[in-house]
Each structure stands twice: as C-alpha cells, then as structure tokens.
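Close look at the chain arrangement
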Amino acid sequence: MLADSCGFVLIFLVTLVLAVPLGAYMKCVYNNDKSFLDFLKPVEKLIFKFCSIDPEKSMNWKQYLLALLTIQLIWILPAFTVLMLQGKLFLNPAHIPGMEWSLALNSVVSFLTSTNLQHYSGESGASYLSQVAVFTFLQFVSAATSLAAGVAIVRGLTADPGTGVGNFFSDFLRSCTRVLLPLSVIVAVIFMAGGMPMTFKGAHKIITLQGDTVTVAKGPVASMIPIKELGSNGGGFFGANDAHPFENPSFATFVIHFIIVLLLPMAFIFFIGYYLNRKKFAWMLFGVMTAGLLLLIIPIVKEEAKGNPRITAMGINQSAGNMEGKEVRFGVDYSAFYCAENVAIPAGTVASVHDSYMPLSSTAMLIGMQIDAFFGGLGTGWINMFMYLIIAVFIGTLMIGRSPELFGKKIGTKEMQVAVSVSVLQILVPVVLAAIACFVYVNKTGGGNTLGWLSNKGPHGFTTMLYEFVSSAAGNGSNFAGLGNNTLFWNLTTSIAMLSGRFVPIAGAFMIIGLMKQKKFIPASLGTLQTDSATFGVFLLVMILILSALSLFVILMAGPMAEHFSLH
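Source: prediction; values computed, not measured. Numbering of residues begins from 1 in every chain and follows the order in which that chain's sequence is written. This being a predicted model, a pLDDT of at least 70 is required before a residue's local features are given, and a value of 80 or more before pairs of side-chain atoms are given or counted; all residues contribute to the totals for chains, interfaces and linings. With hydrogens and water excluded, all non-hydrogen atoms of the structure serve as input to the side-chain values.

1. Some thoughts on the overall build of the protein
Operational definition: Counting from the N terminus, the helices are the DSSP runs of H or I reaching at least four residues and the strands are the DSSP runs of E reaching at least two. Only the C-alpha atoms count toward the radius of gyration. The rule for a globule is 2.2 Å times the residue count to the power 0.38. Using a 1.4 Å probe on the protein chains alone, a residue whose accessible area is under 20% of its type maximum counts as buried, one over 50% counts as exposed, and one in between counts as partly exposed. The contact criterion used is simple: two residues touch if any of their non-hydrogen atoms lie within 4.5 Å. Residues scored as charged are limited to Lys and Arg (positive) and Asp and Glu (negative), so that His and the chain ends carry no count. A charged residue contributes its charge at one atom only: NZ of Lys, CZ of Arg, CG of Asp or CD of Glu.
A count of helices and strands for the protein gives 20 helices and 4 strands. In terms of overall dimensions, the protein is globule-like: its C-alpha atoms have a radius of gyration of 23 Å, near the 24 Å expected for 568 residues. Its C-alpha atoms give the protein principal-axis dimensions of about 75 × 55 × 50 Å. The proportion of buried residues among the 568 residues of the protein is 57%. Relative to all contacts within the protein whose residues are 6 or more apart in sequence, the contacts with residues 24 or more apart total 77%. Where the 33 positive side-chain charges of the protein centre and where its 27 negative ones centre are 10 Å apart.

2. With respect to the packing of aromatic side chains
Note the following rule: Two aromatic rings, drawn from Phe, Tyr or Trp (for Trp, its six-membered ring), form a pair once their centres lie within 6.5 Å of each other, and the interplanar angle then sorts them: stacked below 30 degrees, edge-to-face above 60, tilted otherwise.
Counted under the stated rule, the structure contains 39 aromatic pairs. Note on Tyr334 and Phe337: the rings are 6.1 Å apart at their centroids and 75 degrees apart in plane angle, and the pair reads as edge-to-face. Within this pair, Tyr334 and its partner Phe337 are both found in helix α12 (residues 331–344), separated by 3 residues, close to a single helical turn. This pair shows no difference in class: Tyr334 is buried, exactly as Phe337 is.

3. Here's the deal with the pattern of salt bridges
Our working definition: For this document, the term salt bridge refers to a Lys or Arg side-chain nitrogen within 4 Å of an Asp or Glu carboxyl oxygen.
Enumeration according to the criterion identifies 10 salt bridges in this entry. For the salt bridge of Lys306 with Glu303, the shortest nitrogen-to-oxygen distance reads 3.1 Å. Taken together, the positions of Lys306 and Glu303, both in helix α10 (residues 279–306) and 3 residues apart, correspond to about one turn of that helix. Under the relative-accessibility criterion, Lys306 is labelled partly exposed at 48%. A relative accessible area of 8% places Glu303 in the buried class.

4. Considerations on the packing of helix α3 (residues 61–85) against helix α4 (residues 101–112)
Our working definition: Every angle, taken between N-to-C directions, lies between 0 and 180 degrees, and every axis is a line fitted to C-alpha atoms, over only the stretch in contact when it is a helix. Orientation labels follow simple angle bins: below 35 degrees gives roughly parallel, above 145 gives roughly antiparallel, 65 to 115 gives roughly perpendicular, and whatever is left gives oblique. Here is the rule for handedness: rotate from the far helix to the near one, and if that takes an anticlockwise turn smaller than a right angle the crossing is left-handed, while a clockwise turn gives right-handed. Side-chain classes follow a simple rule in which Ala, Val, Leu, Ile, Met, Phe, Trp, Tyr, Cys and Pro form the nonpolar group, Asp, Glu, Lys and Arg form the charged group, and the remainder, Gly included, forms the polar group.
With their axes 9 Å apart at the nearest point, α3 and α4 run at an angle of 140 degrees to one another. If you check the angle between α3 and α4, you find them oblique. Crossing angle aside, the handedness with which α3 passes α4 is right-handed. On α4, the residues that touch Gln72, Trp75, Ile76, Ala79, Phe80, Leu83 and Met84 of α3 are Trp101, Ala104, Leu105, Ser107, Val108 and Leu112. Here the residues of the contact of α3 with α4 are counted per class, giving 11 nonpolar, 2 polar and no charged.

5. What about the nonpolar core?
We count it as follows: By nonpolar core is meant a set of buried Ala, Val, Leu, Ile, Met, Phe, Trp, Tyr and Cys residues that side-chain atoms within 4.5 Å join together.
Judged by nonpolar contacts, the single largest core of 171 residues is most densely connected at Met26, Ile272, Phe375, Trp382, Phe386 and Leu540. Top element by residues in this core is helix α9 (residues 251–276). It accounts for 17 residues. Not counting the four nearest positions on each side in its chain, Met26 is found in contact with Leu147, Leu264, Ala267, Phe268 and Phe271.

6. Details of helix α14 (residues 380–399)
Worth spelling out the cut-off: Given the number of residues in a helix, its expected span is that number minus one, multiplied by 1.5 Å.
Compared with the 28 Å implied by 1.5 Å per residue over 20 residues, the 29 Å span of α14 between its first and last C-alpha is a close match. Within α14, 17 of the 20 residues are buried, leaving the element largely enclosed by the surrounding structure. At the C-terminal side of α14, Gly401 shows a positive phi close to 75 degrees.

7. Re unusual backbone geometry
Of all residues except glycine, most have a negative phi; of all peptide bonds, most are trans. Ile345 connects to Pro346 through a cis peptide bond whose omega is -5 degrees. As for its placement among the helices and strands, Pro346 is situated in the loop between α12 and α13 (359–371). One non-glycine residue, Asn32, adopts positive backbone phi at about 60 degrees. In this structure, Asn32 sits in the loop between α1 (2–30) and α2 (41–50).

8. Section: the side chain of Asn485
Test applied: Two N or O atoms count as a polar contact when they lie within 3.5 Å, although within protein this holds only if one can serve as hydrogen donor and the other as acceptor, and sequence-adjacent residues are included solely when both atoms are side-chain atoms.
With respect to the helices and strands, the residue Asn485 is situated in the loop between α17 (458–473) and α18 (488–517). By relative accessible area, Asn485 is classed as buried at 9%. Among the polar contacts made by the side chain of Asn485, one reaches the side chain of Glu468 at a distance of 3.4 Å.

9. Overview of the pairing of strand β1 (residues 204–207)
What counts, and what does not: The pairing criterion for strands is at least two bridges between them, as found by DSSP.
Strand direction decides the pairing type here: β1 and strand β2 (residues 213–216), joined by 4 bridges, are antiparallel. Bridge assignment links Lys205 to a residue of β2, and that residue is Thr215. The turn linking β1 back onto β2 is made up of 5 residues, and Gly211 within it adopts a positive phi angle of 90 degrees.

10. Some thoughts on α10
Taking 1.5 Å per residue as the helical rise, α10 with its 28 residues ought to reach 40 Å, and the 40 Å between its terminal C-alpha atoms agrees with that figure. Phi turns positive, to about 90 degrees, at Gly307, one or two residues after α10.

11. Structural notes on the packing of α3 against helix α6 (residues 128–156)
Contact geometry of α3 with α6 gives a least axis separation of 11 Å together with a crossing angle of 170 degrees. Taken together, α3 and α6 sit at an angle that is classed as roughly antiparallel. Of the residues in α6, those in contact with Tyr64, Leu68, Gln72, Trp75, Ala79, Val82 and Leu83 of α3 are Leu129, Ser130, Val134, Phe135, Phe137, Leu138, Val141, Thr145, Ala148, Ala149 and Ala152. Per-class residue counts for the contact of α3 with α6 are 15 nonpolar, 3 polar and no charged.

12. Focus on the confidence of the model for the protein
Defined as follows: Per-residue confidence from the predictor is reported as pLDDT, a score between 0 and 100.
The predicted model of the protein has a mean per-residue pLDDT of 91, with 99% of residues at 70 or higher. The spread of mean pLDDT over the elements of the protein runs between helix α16 (residues 448–451), the lowest at 82, and α4, the highest at 96.

Structure representation (structure tokens):
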C-alpha cells in the first residue's frame, strides 16, 4: 500500500504542476488577454458572424443565465432524434436499433447535464453516429457550459455595481476552442499512441485458442475518452468504462486518466486566484479541497485493503484486499484511489464495480458526491463551493460580531436564503425520489420481484437505489451494478434528479451574484473576516462536513451503515 500511496501522491503533484500554469492561461483566455491560441480569433469571429451574435456585448446575470439555459434546449431535439432513429441512419456497422423513447430522453438529459449516467451499454446500445454526433458532442458543450458558468460567477465577484458578468456565447465558445478542444487533441494523440482505437470500421471477429469465434467491439474511442475525463463527464464508449482495455490499454494510460480527470477542476481554482488577484485565497481553496479529497480517499482505500470479513471467515486469503469487482491489472489500491477521485470530481468514471465495494466505502462515495465541492466538476465544483463559502462567511462573521461580507460586498439574508435553499434541494431531491422508489418497490403488486430492479435486497438494496439518485443529482453518473435501471420509472426519475442537480445550483449562484452586484464595494478593514487564511479554511471544511453529515446521517444509517454492522 505504501508504494501505491506514493504513486498516487506523485500523480497528484504532477497534476498540480500542470494545473498552476494552466490556471494562468485560463485567466488570459477569459480576460481577453493575449495567448498563444489567438490565431483562432478569425474562426471564432466567423462563427459569431454566422450566428449573428455580438461577443463583446456584456450581459447581466439574468441575460447570461437565460442564454445558458436557452442553448441547452437547442441540443435536445436533434440529439433525441438521432438516438431514436440510429437504427436507420449511417455509421452503424453493428446494426444497433434505435433507443426506446424514455432511454433516449434519459441519455440526452444525462449527457446534456454532464452527468453521463448510462442506462445502456455503449458498444451494444449506441451506433458510431450516436457516439460521435450525440455523446461526444454533448460532452464538449456541457463541459463548456459548466466552465462558462463558473467563469461568470468569478467575474461577477470583481465587477462594479450595475455592470455585467460577461458574455455567455463568448465564454462558451472560448471554452471549446481555447481550452477543451486543444487539450482533448493532445490527450487523444497520447491515447492512440498508447493503443486506444480510433476507427469507424465494424467489430472485429477473432478465433480464440479454444476455437471459439468472438466479436470484439471497437470504434472511434480515442475521440470520446479525452473529453470524457477533461470535461468531468465520465460517459464511457464501452459498458465497462475504464476497466475496458480499449478505453484504458495500460497502466501508463491509467496514469493519464488520473491526471486529466483532476487537471481542469484543479486549474480552475488557480484561475480564480489569478483572475481575482487573490492567489492566497486560491491556495486556501486548494487546501480545503485537497483535505476533503483525502478524507474521501483514506476510508475507501482502507476499507478495500482490509477485505471482506465474510470472505475471510471462509478461510480465503485476502492479503490483496477486497478484489471483488476490482480492476485486476491495477489492484485494490489504485482502483480505490480512482474511485475516490471520481466521486469527488465528480466525473463518475469507473475502473471497478462500485456495487462490490465495502459498505463504509459506499458511505464515503455518497458523502463525496453529495458535497460535490472537493475540486468537484469543471466549473460547477466552484459553484458548489461558492454556496458553502457564502454560508461559512455568513456564520463565521456573525460569530465574531461583524457584518458578513465577501470581497467587499455584504452578504445579506437573501443571499443566505438562496445558498441554504440550494444546499437543501441538493439532498432533498434525491432523498425524496429514493423514498418514492422504495414505496413503489414495496407496494408493487406481486412484490419487488415483479419489478426486477434489485439483485441485492435489504440495506444494500436501499443503498443501490439511493446511490442512483445521489449520483444523478451530483452529476456523477456512476451507479451500483445491481440495479435494473433501464425502465420507464428509472429513466424518468433520474432525469428529474439530473436536471435539478445541474441547473438549480447554477441558477442559485447567479441569483446570489445578482444580489451582491447591487451593493456598493466596502474596503476591507481590521474587522473584516480573512477568507484567505488557514483558520478560515479549517472553518470552511468543518462547515462543509457538518452540513453534509447532518443531512445524510439518518439515510446512511438505514443503508450502508446498517450493512456494515450486519457484516460484523
């Protein structure tokens, strides 16, 4: 374990070394400063001219949010149509039929919200056209939307009263052309050199040593995987995701996966410091998020390294840890590291089966997804942290008898109400939906066996259903394999959770920025709470953990904690 832990620390440090200059570059991109990709300006101007958009026109928060929401609607109909009709369209050498309407709707919502919850298996459920024109495309535009929203919130903290938060279309396009696309091309070349396929030819048939004929699926994999990781998306080309050798050919590519999942969310933190000219504040956020990530990694790795006590009681050697559902090539430690990283981001990429993890590990997974602020999703992780920041500043300043303020703007009751409402809704929606699922399961005529939802019952079955909704609301997209989720009920209810989890925090953050921008700037004084200090960082981390623990405590006791006690 020590060697694996040192390996993960080294990967983290390499990511940090790359993230700091990348954050500075992102500041140049969104501040319209000179950068080495300025040769793309003519292409960007041509796109704006074709779309009749003035990229220089500043928007207020309502206009920015309206533009953000409107452009989401544009992608839905064509994407839904392609998925429904993929069986009759081109680039379908495997002759995969069109999706059932509720599955098509769920898939579009899933990739549109950067959740990438997959109720289908990629190699058997989606044609090459769907993989490229729908899923890969939506992973780009959803990540660009997240990035633009995060940038607008940062910009809103610097603007004077009455000024705008930027232009959504300019931020959106620059996110694609200046950040996501160049990085994706670089990573795709590395992946192809590492053995990842990139072809539009059909599946390959081989004859095994036993004489059996096996069909090996392939396709344009290298074009999807980079943006799946860089954009905090997580949707795999294959059903096995990163456990599939074509998505993750070797340990070297696995290391690249580790780095690029974390790279842009980490770089965004340093972008905040550069853009606001508050580098100490950025390092405070980095410290809080790193500490939070460690608090997720440690229990997951520790629990999986111990193994399953029921298997140990059978006299089976578990010196390698709980290997059930783990990626054999990389072992328990790296599988657990990757799991923790991807519930924190939350990309939801998997290289092992989360359903097979120990109960306390799934407890950490649920908490990590619900918090969604320990680096978190690209752009949206900052938005969730912004909500916690508002709450912590409000409570912290009142504790020392001062008026709450952040960066020279007072935080009033309305801002606090919005932040708390968003935080409550983030857990209320998945919990209510899980309660409805339990009610349906218990009261279905003929019992739960008629539905065929759960392969495991009891506390684990409850955790399975809860995990599906928490993952959906958090924009994570991973799930427990023991759930039969491609049904009308799950396709529609998880769509509700995904839409709520995606757009409620974004709308709430813009409302807070709108309220703060109406207030006059107040210079810092000796009584101002220092939000860039280590002391405040500790207070912020404690506040996040308390709020999350209190909101999930009873539910966790009914699910993974009850299962943990039953094992012992």
